[in-house]
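A structural walkthrough
Chain by chain, the residues run as shown.
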Amino acid sequence: MSISYGFILMLLGCSLVTAIPRMLPFLVMRNMQISEPVLKWLSYIPLCIFSALIIESFMTNGAEGFQIHWLELVAVIATLIISLITRSLLWTVILGVVIMALLRLIF
């Protein structure tokens, strides 16, 4: 198997395009002071992203219109209750997977 010069250039280009957006914010912000309100606002971003991923798993807006996937919603609610009771990520993940598996098996 031979690797062409064009392939190596493409691989290097793809690596740069992937690495630059990840490293550039750190390089720009390392010598800047961020105000307290901005830091507080930024602290909500992981929660917002996680919420969007969870909500996207049981709600869709496709060609048929807005739909709710009820099995996934039941599993999400049950997993949320388990997480509030146990306060353990391990048990939340394990029981969430088990609940979703059982719901898919039954329905």
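**A word on the overall build of the protein chain**
- Counting its regular elements, the protein chain contains five helices and two strands.
- The order of α-helices and β-strands along the protein chain, N terminus first, is α-α-α-β-β-α-α.
- By principal-axis analysis of the C-alpha atoms, the protein chain measures approximately 55 × 50 × 35 Å.
- Out of the 107 residues belonging to the protein chain, those deemed buried represent 10%.
- Of the roughly 9300 Å² that the protein chain leaves accessible, carbon and sulfur atoms contribute 75%.

**A short note on the nonpolar core**
- Listed in full, the five residues of the largest apolar core are Ala75, Ile82, Ile99, Met100 and Leu103.
- Counting only elements with at least two residues in this core, the list comes to helix H4 (70-86) and helix H5 (89-106).
- If you tally residues by element for this core, the top one is H5, at three residues.
- Ala75 has contacts with Ile99, Met100 and Leu103, leaving out every residue within four places of it along the chain.

**Let's talk about the pairing of strand S1 (residues 59-62)**
- Relative to strand S2 (residues 65-68), S1 runs antiparallel, the two being bridged by four bridges. By the bridge assignment for S2, Asn61 is matched with Phe66.
- Linking S1 to S2, which pair antiparallel, is a turn of two residues.

**As for H4**
- The terminal C-alpha atoms of H4 lie 24 Å apart, and with 17 residues this matches the ideal 24 Å at 1.5 Å per residue to within 8%.
- Every buried residue of H4 is accounted for by Leu73, Ala75, Thr79 and Ile82.
- Considering only its buried residues, H4 is in contact with helix H3 (45-58), S2 and H5.
- Downstream of H4 by a residue or two, Arg87 has a phi angle that is positive, lying close to 55°.

**Details of the side chain of Thr92**
- Within the fold, Thr92 resides in helix H5.
- Thr92 gets classed as buried once you look at its relative accessible area, which sits at 12%.
- Polar side-chain contacts of Thr92 include one of 2.7 Å to the backbone oxygen of Ser88.
- In contact with Thr92, not counting residues within four places along its chain, are Thr79, Ile82, Ser83 and Thr86.

**Here's the deal with unusual backbone geometry**
- At Arg87, a residue that is not glycine, the phi angle is positive and equals roughly 55°.
- For Arg87, a relative accessible area of 69% corresponds to the exposed category.

What counts and how
- Residues numbered from 1 in each chain as written.
- Predicted model: local features only at pLDDT ≥ 70, side-chain atom pairs only at ≥ 80, totals over all residues.
- Heavy atoms only, no water.
- Helix = DSSP H or I, 4+ residues; strand = E, 2+ residues; numbered from the N terminus.
- Buried < 20%, exposed > 50% of the residue type's maximum accessible area, 1.4 Å probe, protein only.
- Areas by Shrake-Rupley, 256 points an atom, 1.4 Å probe, with all protein chains shown as cover.
- Core = buried A, V, L, I, M, F, W, Y, C linked by side-chain atoms within 4.5 Å.
- Contact = heavy atoms within 4.5 Å.
- Pairing = 2+ DSSP bridges.
- Expected span 1.5 Å × (residues − 1).
- Polar contact = N/O pair within 3.5 Å; in protein donor to acceptor, adjacent residues only side chain to side chain.

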